[in-house]
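Next come the chains, spelled out residue by residue.
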Amino acid sequence: MGQGRQCVAVVTGASRGAGKGIAIALGSTGATVYITGRSWNENDAGLPGSLQATAEAITAAGGTAMPVCCDHSDDSQVEALFAQVKEQQGRLDILVNNATALHDALTVTGPFWEKPLDLTTIWDVGMRSHYVASWYAAPLLQANGEGLVVNTSSFGGRIYMHGPAYGAGKAAVDKMAHDMAVDFRPENVTVISLWMGLLLTERSRRVFDAEPEKYADLVAGAEHPEFSGRVIAALWADPGRMEYSGKVCIGAELGAAYGVLDINGRQPASHRDFFGPPTTFGDAIID
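The rules we used
- Residues numbered from 1 in each chain as written.
- Predicted model: local features only at pLDDT ≥ 70, side-chain atom pairs only at ≥ 80, totals over all residues.
- Heavy atoms only, no water.
- Helix = DSSP H or I, 4+ residues; strand = E, 2+ residues; numbered from the N terminus.
- Contact = heavy atoms within 4.5 Å.
- Core = buried A, V, L, I, M, F, W, Y, C linked by side-chain atoms within 4.5 Å.
- Buried < 20%, exposed > 50% of the residue type's maximum accessible area, 1.4 Å probe, protein only.
- Salt bridge = Lys/Arg side-chain N within 4 Å of Asp/Glu carboxyl O.

Undergrad: Explain the environment of Lys-247 here, please?
TA: On the secondary structure map, Lys-247 appears in the loop between helix H8 (225-237) and strand S7 (248-250). It is 19 Å that separates the C-alpha atoms of Lys-247 and Leu-141, two residues lying 106 residues apart in sequence. Those residues in contact with Lys-247, other than ones at most four positions away along the chain, are Val-191, Ile-192 and Ser-193.

Here it is in structure tokens:
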């Protein structure tokens, strides 16, 4: 990856879910992977997963795990995280902004006013936290002369998905990637927003396992979280990756372009035909 040196990556929100899978996949390339989350031990949250478990999986995959307890709603903790990366590594190659507050009522049907107001926490840990992490990471990315920032996102940035709180949060991180790419371009830092497909995470598996017959078709076509990490690793290894900077990319399509397969050997399908193409933004720049 990169220019023959060991890659240094930060993956936020990696106790479980997409972050865990991405961190393991990056670790399998031999990378040093800093992982953040609030769940140090297995019983610290209502879902399976912990920083310790992710760290063990990264090590087993061949990487170097650097677990850091970090609440991304607290800017001081985020500042301390990147101060630690600077002290220990002096640089950063990849930042994956993944930490996102997903309320248990996210998938409850009905109009937004009948849902908890706390669904808007995705604008704090999600939208705002991506900005804050990128802000603190910027000097370390600049120190390389190259870098990659990935905001994990979904088709919810384009269509109605789980209501306006979720949609606004995803649309925001998509636009944020586009605008950050403008500022980072002179620094040779690529910034994208990655639309992942339906993922087989601990949260989704809990739903699927409750009614296996109902969700059998969805499970068959779902992506493993490691797939997104494999796509990110392939993008980082591509010397022409700046071509994608500022864009919203569908993970399945980027994977197909790089010949990346899921851990089960499948080529995940794009949902473009059903949900539509990625969001595109104007080329005008007004400082």
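Alright, that's what it looks like, and here's the rest.
Undergrad: Help me out: how do you make sense of the nonpolar core in this one?
TA: If you look at soluble globular proteins, the nonpolar side chains tend to sit buried side by side. Counting 35 residues, the largest nonpolar core has Leu-26, Ile-94, Leu-194 and Ile-232 as its most contacted members. Per-element accounting of this core gives the leading share, seven residues, to H8. In terms of nonpolar packing, the next biggest core, distinct from the first, is built from 25 residues, Leu-141, Met-176, Ala-177 and Ala-181 among them.

Undergrad: Please explain the pattern of salt bridges as it appears in this structure.
TA: Two side chains with opposite charge may pair up if their charged atoms get near one another. Summed over the entire model, instances satisfying the criterion amount to seven salt bridges. Two residues, Lys-175 and Asp-179, come together in a salt bridge whose shortest N-O distance is 2.8 Å. Taken together, the residues Lys-175 and Asp-179, both in helix H5 (residues 164-184) and four residues apart, mark about one turn of the helix. For Asp-179, a relative accessible area of 32% translates into the label partly exposed. One salt bridge in this structure joins Glu-211 and Lys-214, with 3.9 Å as the shortest N-O distance. A residue is classified by how much of its surface remains accessible, and Glu-211, at 39% relative accessible area, is partly exposed.

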